[in-house]
Amino acid sequence: MTRLIVAAGGGGDVIAASMLDAALHGPGAPAVILTFAWDRLLADPVPGPRGPADFTGLRPLTANVYAFTAKAEPIPPAGSTFPRLAAELPQTLALINPRHGAQGIRRQLEELIQHLAPESVDLVDVGGDILARGDEPGLRTPLADALTLAACSRLGTPVRLLIAGPGLDGEVPAGELRGLLGRNVLTLAPEHVEPVGAVLEWHSSEVTAMLAATARGIRGLCEAREGGLAIPLTDEGPTVHEVALDVALGRNRLARALVPTRTLAEAEELSREICGFSEIDDERAKAAWFGTQPRQEIDPETVLGQVARFEREARGRNASHITFRRLTEALGLPGTQREELRALLVRNSPGQYVAPLWHLSPRA
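Presented here is an overview of the structure given in this document. Everything numeric in this text was worked out from a predicted model, so none of it was measured.

Each value, and the rule that gives it
- Residues numbered from 1 in each chain as written.
- Predicted model: local features only at pLDDT ≥ 70, side-chain atom pairs only at ≥ 80, totals over all residues.
- Heavy atoms only, no water.
- Helix = DSSP H or I, 4+ residues; strand = E, 2+ residues; numbered from the N terminus.
- Buried < 20%, exposed > 50% of the residue type's maximum accessible area, 1.4 Å probe, protein only.
- Lys, Arg positive; Asp, Glu negative; His and termini not counted.
- Charge placed at Lys NZ, Arg CZ, Asp CG, Glu CD.
- Contact = heavy atoms within 4.5 Å.
- Phe/Tyr/Trp six-rings, centres within 6.5 Å; stacked < 30°, edge-to-face > 60°.
- Lys NZ or Arg CZ within 6 Å of the ring centre and 35° of its normal.
- Core = buried A, V, L, I, M, F, W, Y, C linked by side-chain atoms within 4.5 Å.

**A look at the overall build of the protein chain**
And step 1. Along the protein chain, the regular secondary structure elements total 15 helices and 16 strands.
And step 2. Its C-alpha atoms give the protein chain principal-axis dimensions of about 55 × 45 × 40 Å.
And step 3. Across the 364 residues in the protein chain, those meeting the buried criterion constitute 58%.
And step 4. Computing the positive centroid from 36 side-chain charges and the negative centroid from 45, the protein chain places the two 0 Å apart.

See the structure below:
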């Protein structure tokens, strides 16, 4: 027997699910993680989540569920971090196909449960936006969470919902989530991060970077996302809580509406109606703009000067740390150059690299 974990939001939640699986169950017999291949333009220029038709080298697990292999590759123009994630994480990484809405995802889950006969089924979300009503001003990425919640709610199999790092995604404040959270299942510590430490060096997920940072004892105020969202890094950050699935479904209006959906387009339209937007529409607009921007050559002297100015401004906003995604976007660089920027900064000032975040220089 094995365990089945549904990682609600994609790559960041996959890394967190891997951490939780090892922390709760040890290194033996790792779980199967089912998730969306959705890099949100950070590594993939094509808007929206990828499906099986977007990859070569997948391995069928059931009639409608495929797992990544070491030979898996995205088909251009798509890009994806998921083949590399699958190669570097010990768990089997399986792909959610969102094409047929929540009903299609439920069928995939039913097939996997029948095939694996898992001892447990967990739904993992980092940050807690799976508990969003749909009208929160900070809400940015509700669709994947709502689709997985909708699918799990009609399984007929017990599903445990785990919220890691309440409030770290900046979408629903931690204070608003506290009354909804159940027992503290686990508080992550440095030793729980080490198995995924190498992955965090290259993966772009901001929320999982902050989850790992708080588990490693980092505290302060971190700027994230393109708007410079300020996220407190507190003792609450590394905690993992259980939430009753019916509590989540009772609060998440989008998830309830998505239960009968049979297409991704239908799910998008409901997101527009309930939340006022579709995050895939936002990606379409950004992708069109990115497509007109040439790749920039990074001149070390120029960039280091820009970083020093940015650090002074961020310190003025009381920030102590920033994510590399935030810094890349603040300098006007495309996401594909994030690793190049990180390497330059770490070479120039290694003491400021508190993996996987950047600590703002006290001289700024």
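**Quick notes on the environment of Arg216**
And step 1. Relative to the assigned elements, Arg216 resides in the loop between helix 8 (206–215) and strand 11 (220–224).
And step 2. Taking the C-alpha atoms as reference points, Arg216 and Arg50, separated by 166 residues in sequence, lie 32 Å from one another.
And step 3. If near-sequence neighbours (up to four positions away) are discounted, Arg216 is found in contact with Pro190, Val193, Glu194, Gly197, Ala355 and Pro356.

**Focus: the environment of Leu24**
And step 1. Mapped onto the elements of the fold, Leu24 is located in helix 1 (residues 11–25).
And step 2. Using a relative accessible area of 32% as the deciding quantity, one classes Leu24 as partly exposed.
And step 3. In this structure the C-alpha to C-alpha distance between Leu24 and Val193, which are 169 residues apart in sequence, comes to 13 Å.
And step 4. Not counting residues within four places of it along the chain, the set of residues in contact with Leu24 comprises Arg160, Val185 and Leu186.

**Re unusual backbone geometry**
And step 1. The peptide bond linking Pro76 to Pro77 adopts the cis configuration, its omega dihedral lying at 10 degrees.
And step 2. A positive phi angle, close to 55 degrees, is found at Arg40, a residue other than glycine.
And step 3. Given the relative accessible area of 22%, Arg40 is considered partly exposed.
And step 4. At Leu41, a position not held by glycine, the phi torsion is positive, near 70 degrees.
And step 5. Relative to the helices and strands, Leu41 is located in the loop between strand 2 (32–35) and strand 3 (55–56).
And step 6. Classification of Leu41 as buried rests on a relative accessible area of 13%.

**Focus on the packing of aromatic side chains**
And step 1. The full count for this structure, using the stated rule, is 5 aromatic pairs.
And step 2. Ring geometry for Phe55 and Phe68: centres 5.0 Å apart, planes at 90 degrees, overall edge-to-face. With Phe55 in strand 3 and Phe68 in the loop between strand 5 (66–67) and strand 6 (73–74), the pair connects residues that are 13 residues apart, well separated along the chain. By the burial criterion, Phe55 is buried, and Phe68 matches it.
And step 3. Every member of this aromatic cluster is reached through a ring pair, and the members are Phe55, Phe68 and Phe82.
And step 4. Positioned above the aromatic ring of Trp38, the side-chain terminus of Arg40 is 4.0 Å from the ring centre.

**Some remarks on the nonpolar core**
And step 1. By size, the foremost hydrophobic cluster in this structure holds 53 residues, and its most contacted members are Leu4, Leu109, Leu123, Leu131, Leu147, Leu161 and Leu258.
And step 2. Ranked by residues supplied to this core, first place goes to helix 4 (residues 143–152) with 8 residues.
And step 3. Other than its neighbours up to four places away in sequence, Leu109 contacts Leu4, Val6, Leu34, Ala151, Cys152 and Leu155.
And step 4. If you look at the next biggest cluster of nonpolar residues, it comprises 48 residues, including Phe55, Ala86, Val185 and Ala215.

Worth remembering: the numbers are spatial, not functional.
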